[in-house]
Every structure is written in C-alpha cells, then in structure tokens.
Amino acid sequence: MSVDNDIQPPKIHSDNADRAEDIQVDSEQSKFSAILGVLRKVVGVADVISLRLSLPSQLLDPIPNLEYWNYMDRPEYFAAIPESDDEVERMLATLAWWFSKLLKHKGRIHKPFNSILGEQFFCRWDVGAKPASTSEREGTAASSITDVSAGSESSPVHVEYITEQVSHHPPVSAFVYRCPERGVEAAGLDHISAKFTGLSATVAPGSETKGVFITIKSRDNEVYQSTHPVGNIVGWLRGSLKVQFAECSYIVCPKTKLAAVIEFKEERWFGKTKENITGKVFSYDPQTQGDAVMSWRLKDIPKSCSVVATFGGCWDKKVSVQRMDGDKKVGEPRTLIDMTDLCIAEKVVKPLEEQGELESRRIWGPVASNMLQSQYGEATKLKRGIEERQRSIASERKAKEETFAPALFKPDYRSSGKPELLDTAPINL
C-alpha cells in the first residue's frame, strides 16, 4: 500500500468529441500571471468549466481530480457520525464532518488534472483510537491513524472511497464513501460550474449536484442531505489567491425532522473578519416545509421551528456550538470543531502495479512524475497525449453509435443525485 505523497507534494450523456482549446504559456510568465491571462479571456462566460480548456502542466498541480476532490480530509469525523444515541448530537456530528471537508481549502488554491471519462480512484483511510500529535505531523499530511472521538478506545475502523468519472461533457463524477464497521455511507455526484468576473472567480455546485447523501444504516437508515457552499476565489489584484465561501449551505434529515442552515458572512476587504459563519439547527416539518428549507436564510426560519442548537465562528479556525431549547440555552457552549492544527489525513492506496489501467494514478502518474522533476515540457506532451487518446475513443464511440456506461455505478445515477454501486462493480481496495 502507498499514501498521498506517491503523486502529490504537500445534461450528462453527451459524448461530444470536440477538441478542447489548447492554452499556450510563455515560459517566462509566472504561474499567477499565466492563470490571470487565461481567465481574462473568459470574463462573462456563463460556465468556464464547459469550455474544456486544455491547460499546460505549469498551471496544474500534480494530483488527479478524483483523488484531490474528496470529502474525507478528516475521516474520523465521518466515522463518528452514528455514535450518539441523541439525534441532535448526530446532526451536530454531521455538521462537524461538513466543516472538516473544507480543510483542504485553508491553504493555496489547487488545480488538479481533469478526469477522463471512465477514470476511477479507490482508497481507504485507517481511522483508529490514537490521534497523531501536531508535533508528529510538523505541517505534513496527518497520520493515517486518527481518533474517532475524544477518549475513544474503540478498535480501528476503515473509511473507503470509491469514485468514477461518469460523464465528460459536462464533467461529472459519482462517488461512494463507506465505513462498514460503523454502518455509515455517503454518496453523491460532483459537478461544478465556474465564472470569472474580473475581480473574482466563483465556483458553485453544478446542475447535476444535489449534495452529499449520508445514510446511517445503524440508525434505522437515517439520511442526511448536505449541500455544498459557493466559493469565491479572491485576491487577484494582490496576487495572493484564497477561497471565501458565501451564501448558505444546508443539512436536512427528514427522519429526525432536523435541519441546519449554515450561513457564511461576507468577509472584509481590509482587516480580519471576527466570525465568518453562523448557523442554527432546528426542527421542521418535512411534509409541509421540506421543499422550502433549502432556500431559507437564518432570518427566514419560522418561529414554529424550534431551535435546538446554534453555532458560529470561523470555518477555517474554530466553530463553537450551543445547545438550545427554543430561546433558552442548555448547558455551556463547546467546540464543535477546531481546524487550527488539523492536517489532511493520508490515504492508503494500492501500489501502481496492482491498479487497473483506468485508475487515476496509473493514468496521470507519468505526468505528475515529470512535473515533480520540473520537466514541464515532457509533462505537457504526455498530458496532451492522454487527451488526444480520449478524443479518439469518443469519436469511435460516436461513429459506432455507442453510449458510455459506467463500470462501477448503476446507469440511473442521475435521477436522485445519489448513485448506487453495481453489484458486480470491480472495486479495487
């Protein structure tokens, strides 16, 4: 088995085979200037992702998209979701996991390799009872042995990640996470849209994305639907890019009749924002309010919805929670999650020689290796070779009037936004 640093340092159904636009970059340009030059060409375009730009390797990070774009930066929070017998605490545990998946966005902006159609990635995280200390990590990826919950003496458990690129135009991937020992799974579709205005780039969930659906089988199949935030990439004038999240995100559980609204505050241009998120957990009626909840801001929550918890703080530092009984505080406030010293947990991945031809590291490994050696010309040549091969395969499929069928997921994955694995899926964990 291997871990992260083998590659990286610290309407679906279209088989359109149109050639992507190749972007040429002068070797004298800085990476930032080159990126800005590319984006200036797409100001006002409704969805930059749909343009299918083929960027040179200098503008990318040496990691495949399916590997990078996962929601288990800290898998111990996912494994902990089913633990409590209190349904409010299970919602708060889901909320803590939701914040933990933003950990990768604390640092610099990354642009991974675009996935090819049919590309797959498999890995697992080993989640145990012993936490890795900050001094042991020293700014690198976190140990693969992380704690499930404070003071837990439980045996190690495993969180698995299975994903496949199921559409290329538009780019959509299907994913499943599962922790068999805890009886919890998650599934969803990843599809993003992006727009550049000249001062910021906005990245938002695409039309095929309905969020992440967490199912707690060990709790009578409770389902928690959580949505993704809108991210604004700012700092273009200063040459220092960072993500600022905006608008509202939601977590709803119809079975427990609990919902959470997470509201991001607009951050200041100058100085520091004391708190950038605030939110509430409250009861609601799925029958009469189910369709409306995911459009509410905090001010829209009706008085008929009893508040059971409030939370606030900074998503990239510390978020605190206060249990409530309507307007009355219950107990003392406590830390929901502290991101200050957290590092991204390492993935356990099979060696390259045991991976299939469509697995991400087999596809992109040679490109990444050349990039890590600063051999960008050769890396770009290899990258374009992969892209040309995919165009050829798409053209052949179109000529034969064949449609692409996912190897891992059932073909009706679009209907609910909650894909299911095929019984015969060749999962290589």
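Scroll up to find the structure.
Residues numbered from 1 in each chain as written. Predicted model: local features only at pLDDT ≥ 70, side-chain atom pairs only at ≥ 80, totals over all residues. Heavy atoms only, no water.

### Quick notes on the overall build of the protein chain
Spelled out, the test is: A run of H or I in DSSP counts as a helix once it spans at least four residues, and a run of E counts as a strand once it spans at least two, with each numbered from the N terminus. For every residue, the accessible area (1.4 Å probe, protein chains only) is compared with the maximum for its type, and the residue is labelled buried under 20%, exposed over 50%, or partly exposed between those bounds. Shrake-Rupley sampling with a 1.4 Å probe provides the accessible areas, and residues are treated as covered by the protein chains on show and by no other component.
If you tally the helices and strands in the protein chain, you get eight helices and 18 strands. By the burial criterion, 51% of the 429 residues in the protein chain qualify as buried. With an accessible surface of roughly 20300 Å², the protein chain has 50% of that area assigned to carbon and sulfur atoms.

### Some words on the pattern of salt bridges
Condition: Any Lys or Arg side-chain nitrogen located within 4 Å of an Asp or Glu carboxyl oxygen qualifies as a salt bridge.
Under the counting rule described, the total for this entry stands at 21 salt bridges. In this structure, glutamate 222 and arginine 90 form a salt bridge, with 2.5 Å as the shortest nitrogen-oxygen distance. Separated by 132 residues along the polypeptide, glutamate 222 in strand β9 (residues 222–226) and arginine 90 in helix α4 (residues 87–100) bring together distant segments of the chain. Arginine 90 matches glutamate 222 in its accessibility class, with the two residues each being buried.

### Considering the sheet that holds strand β6 (residues 192–196)
So the rule is basically this: Strands are treated as partners if at least two bridges between them are detected by DSSP. Only the stretch in contact is used when fitting a helix axis, every axis being a line fitted to C-alpha atoms; angles between N-to-C directions are given from 0 to 180 degrees.
Pairing in this open sheet of four strands is antiparallel, and the strands run β6-β7-β10-β11 from one edge to the other. For this open sheet the edge positions go to β6 and β11 (242–246), each flanked by a neighbour on one side alone. Across the sheet, the mean angle separating the axes of adjacent strands is 25° when strand polarity is ignored. Both strand β10 (residues 230–234) and β11 contribute to a ladder of five bridges, which runs antiparallel. For glycine 231, the partnering residue across the bridge sits in β11 and is phenylalanine 245.

### Remarks on α4
As a reminder, the rule being used: Here the expected span of a helix is defined as 1.5 Å times the quantity of residues minus one. For the purposes of these results, a polar contact is taken to be a pair of N or O atoms within 3.5 Å, where, inside protein, one atom must be able to donate a hydrogen and its partner to accept one; residues adjacent in sequence count only when each atom of the pair is a side-chain atom.
The end-to-end C-alpha separation of α4 is 20 Å, in line with the 20 Å expected for 14 residues at 1.5 Å each. Taking burial as the measure, the 14 residues of α4 include 13 buried ones, the bulk of the element. N-cap assignment for α4: the residue whose side-chain oxygen lies 2.8 Å from the backbone N of valine 88 is aspartate 86.

### Quick word on the nonpolar core
Let me state the cut-off plainly: We call a set of buried Ala, Val, Leu, Ile, Met, Phe, Trp, Tyr and Cys residues a nonpolar core when their side-chain atoms join them within 4.5 Å.
Of all hydrophobic cores here, the largest spans 59 residues; its most connected members are Phe78, Trp97, Phe99, Trp125, Tyr177, Ile214 and Phe311. Looking at which element gives the most residues to this core, the answer is α4, with nine residues. Counting residues in hydrophobic clusters, the runner-up holds 14 residues, among them Tyr250, Val252, Tyr284 and Leu298.

### Focus: the side chain of serine 226
Under the convention used in this document: Residue contacts follow a heavy-atom distance rule, with two residues in contact if any of their heavy atoms lie within 4.5 Å.
Tracing the backbone shows serine 226 in strand β9. Once you skip the residues sitting within four places of it in the chain, serine 226 turns out to touch Trp97, Trp98, Lys210, Gly211, Val212, Tyr250 and Ile251.

### Quick notes on helix α8 (residues 376–399)
A rise of 1.5 Å per residue sets the reference length of α8, with its 24 residues, at 34 Å; its end C-alpha atoms lie 34 Å apart and thus fit the reference within 8%. For α8, the set of buried residues is Ala379, Thr380, Lys383, Ile386, Glu387, Arg391, Ala394 and Arg397. Taken together, the buried residues of α8 touch α7 (360–372). Of the residues trailing α8, glutamate 401 is marked for its positive phi of about 55°.

### Here's the deal with the pairing of strand β14 (residues 277–283)
Two strands pair when backbone bridges link them, and strand β13 (residues 258–264) and β14 are joined in this way by seven bridges, in the antiparallel orientation. Its bridge partner being in β14, alanine 259 is matched across the sheet by phenylalanine 282. Bridge count between β14 and strand β15 (residues 307–313): six bridges; the pairing is antiparallel. Directly across from lysine 280, in β15, lies its bridge partner threonine 310.

### Points about the pairing of strand β16 (residues 318–325)
Inspection of the sheet shows β15 paired to β16 by five bridges, in the antiparallel sense. Bridge pairing links alanine 309 to arginine 323 in β16. Counted along the chain from β15 to the antiparallel partner β16, the turn is four residues long. The pairing of β16 with strand β18 (residues 334–338) spans four bridges and is antiparallel. Within β18, the residue paired with lysine 318 across the bridge is aspartate 338. Looking at chain direction, β16 and strand β17 (residues 328–329) are connected through two bridges and run antiparallel. Counterpart to methionine 324 in the pairing with β17 is lysine 329. Taken together, β16 and the strand that follows it, β17, pair antiparallel across an intervening segment of two residues, in which glycine 326 is found at a positive phi of about 70°.

### Some thoughts on the packing of aromatic side chains
For clarity, the threshold we go by: Stacked, tilted and edge-to-face pairs are distinguished by plane angle, under 30 degrees for stacked and over 60 for edge-to-face with tilted covering the rest, among Phe, Tyr and Trp rings (Trp via its six-membered ring) whose centres lie within 6.5 Å.
Going through the model one piece at a time under the given rule, you end up with 15 aromatic pairs. Ring centres 4.7 Å apart and planes at 10° place the aromatic pair tyrosine 161 and tyrosine 177 in the stacked group. Of this pair, tyrosine 161 sits in strand β3 (residues 157–167) while tyrosine 177 sits in strand β4 (residues 172–179), placing them 16 residues apart in sequence. With relative accessibility at 1%, the residue tyrosine 161 sits in the buried group. What makes tyrosine 177 buried here is its relative accessible area of 1%. Three or more aromatic residues joined by ring pairs form one cluster here, namely Tyr71, Phe121, Trp125, Tyr161, Phe175 and Tyr177.

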